[in-house]
Amino acid sequence: MTMKFLFRTLLIYTAGLSMSLAQTTDIGDSPVDATISERERLGNQRIQIEAEMRAREEQRRLEEAEEARLRAAE
């Protein structure tokens, strides 16, 4: 019975310790993590801007093609 109690106590202590360590090492706690997050944000922003530019260019091409088609039909 004493061994079971000691083993159970050891398991609880180990689980608690690992949980507390996990909470103190969350992403964003260090300046390095903040720099990585900022780079990711800027990268995502650049990708979004490039996608919007491609979409506007494609829309412009479609409008020009439609105008050319209408002129040719006249």
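Since this is a predicted model, take the numbers as computed values, not measurements.

## Quick notes on the overall build of the protein
Point 1. Secondary structure assignment for the protein yields 2 helices and 0 strands.
Point 2. Sorting the 74 residues of the protein into buried and exposed places 0% on the buried side.
Point 3. For the protein, the accessible area works out to roughly 7100 Å², and carbon and sulfur atoms hold 63% of it.

## Section: the pattern of salt bridges
Point 1. Scanning all chains against the criterion turns up 8 salt bridges.
Point 2. Here glutamate 58 makes a salt bridge to arginine 61, at a shortest N to O gap of 2.9 Å. Of this pair, glutamate 58 and arginine 61 both sit in helix H2 (residues 31–73), 3 residues apart, which is roughly one turn of that helix.
Point 3. With a shortest N-O distance of 2.6 Å, arginine 69 and glutamate 66 are connected by a salt bridge. Residue arginine 69 and its partner glutamate 66 are located together in helix H2, separated by 3 residues, close to a single helical turn.
Point 4. A relative accessible area of 36% means that glutamate 66 is categorised as partly exposed.
Point 5. Connected through shared salt-bridge partners, Glu57, Glu58, Arg60, Arg61 and Glu64 make up one network.

Scoring rules and cut-offs
Residues numbered from 1 in each chain as written. Predicted model: local features only at pLDDT ≥ 70, side-chain atom pairs only at ≥ 80, totals over all residues. Heavy atoms only, no water. Helix = DSSP H or I, 4+ residues; strand = E, 2+ residues; numbered from the N terminus. Buried < 20%, exposed > 50% of the residue type's maximum accessible area, 1.4 Å probe, protein only. Areas by Shrake-Rupley, 256 points an atom, 1.4 Å probe, with all protein chains shown as cover. Salt bridge = Lys/Arg side-chain N within 4 Å of Asp/Glu carboxyl O.

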